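# Architecture and fold: a report
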Amino acid sequence: MPITVDIDVMLARRKMSVGELAERVGITPANLAVLKNGRARAVRFATLAALCEALDCQPGDLLRWEPAPSDATPD
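Throughout, residues of each chain are indexed from 1 in the direction in which the sequence is written. Local features in a predicted model are, by the rule used here, given only for residues with pLDDT of at least 70; side-chain atom pairs are given and counted only at 80 or more, and totals for whole chains, interfaces and linings are based on all residues. Derived side-chain values reflect all non-hydrogen atoms in the structure, with water molecules and hydrogen atoms excluded from consideration.

### What to know about the pattern of salt bridges
Cut-off, in case you're wondering: One speaks of a salt bridge when a side-chain nitrogen belonging to Lys or Arg is within 4 Å of a carboxyl oxygen belonging to Asp or Glu. A simple rule labels every residue: compare its accessible area, found with a 1.4 Å probe on the protein chains alone, to the largest value its type can have, and call it buried under 20%, exposed over 50%, or partly exposed in between.
Summed over the entire model, instances satisfying the criterion amount to three salt bridges. Among the salt bridges present, the one from Glu66 reaches Arg64, with a minimum N-O distance of 2.1 Å. Residue classification places Arg64 among the partly exposed residues on the basis of a relative accessible area of 34%. When salt bridges with common partners are traced through the structure, they connect Asp6, Arg64 and Glu66 into a single cluster.

Here it is as structure tokens:
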């Protein structure tokens with residue numbers, strides 16, 4: 001998927017554990033792990049806002065778009 005989740009980067013910058021962030025946001029550590037590892041298919045704006053508030057960051061600090069590598073090679 002071309003959307004990359006950088007929650008682990010922000011956790012390291014804030015010196016915060018997954019458990020602490022999950023508690024502050026109000027979600028289970030398991031659900032946070034799904035999001036953090038890029039396995040989530042969607043994220044609610046309320047959850048994204050809570051993550052940004054807890055980590056003192058912007059949504060763009062947590063999510064970024066990376067183009068998928070092209071299957072075709074140029075001639």
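### Some words on the packing of helix H1 (residues 7–14) against helix H3 (residues 29–36)
As a reminder, the rule being used: Whenever a helix is involved, its axis is fitted only over the stretch in contact; in every case the axis is a line through C-alpha atoms, and angles between N-to-C directions fall within 0 to 180 degrees. Note on conventions: DSSP H or I runs of at least 4 residues are helices, E runs of at least 2 residues are strands, and numbering of each starts at the N terminus. Our angle categories are set so that under 35 degrees counts as roughly parallel, over 145 as roughly antiparallel, 65 to 115 as roughly perpendicular, and the remainder as oblique. Note on definitions: a residue-residue contact is assigned when non-hydrogen atoms from the two residues lie within 4.5 Å. For this classification, the nonpolar set comprises Ala, Val, Leu, Ile, Met, Phe, Trp, Tyr, Cys and Pro, the charged set comprises Asp, Glu, Lys and Arg, and every other residue, Gly included, is treated as polar.
Packing of H1 against H3 leaves a shortest axis separation of 9 Å and a crossing angle of 115 degrees. With respect to each other, H1 and H3 are oriented roughly perpendicular. In this structure, H1 contributes Ile7, Asp8 and Leu11 to the contact, and H3 contributes Leu32, Leu35 and Lys36. Here the contact of H1 with H3 is composed, by residue class, of four nonpolar, no polar and two charged.

### Some points on the side chain of Asp6
Rules: Under this definition, polar contacts are N or O atom pairs within 3.5 Å; protein pairs additionally need one hydrogen-donor-capable and one acceptor-capable atom, and for neighbouring residues in sequence, both atoms have to be side-chain atoms.
Considering the arrangement of structural elements, one finds Asp6 in the loop between strand S1 (3–5) and H1. With a relative accessible area of 12%, Asp6 lands in the buried category. In this structure the side chain of Asp6 is engaged in a polar contact, spanning 2.6 Å, whose partner is the side chain of Arg64.

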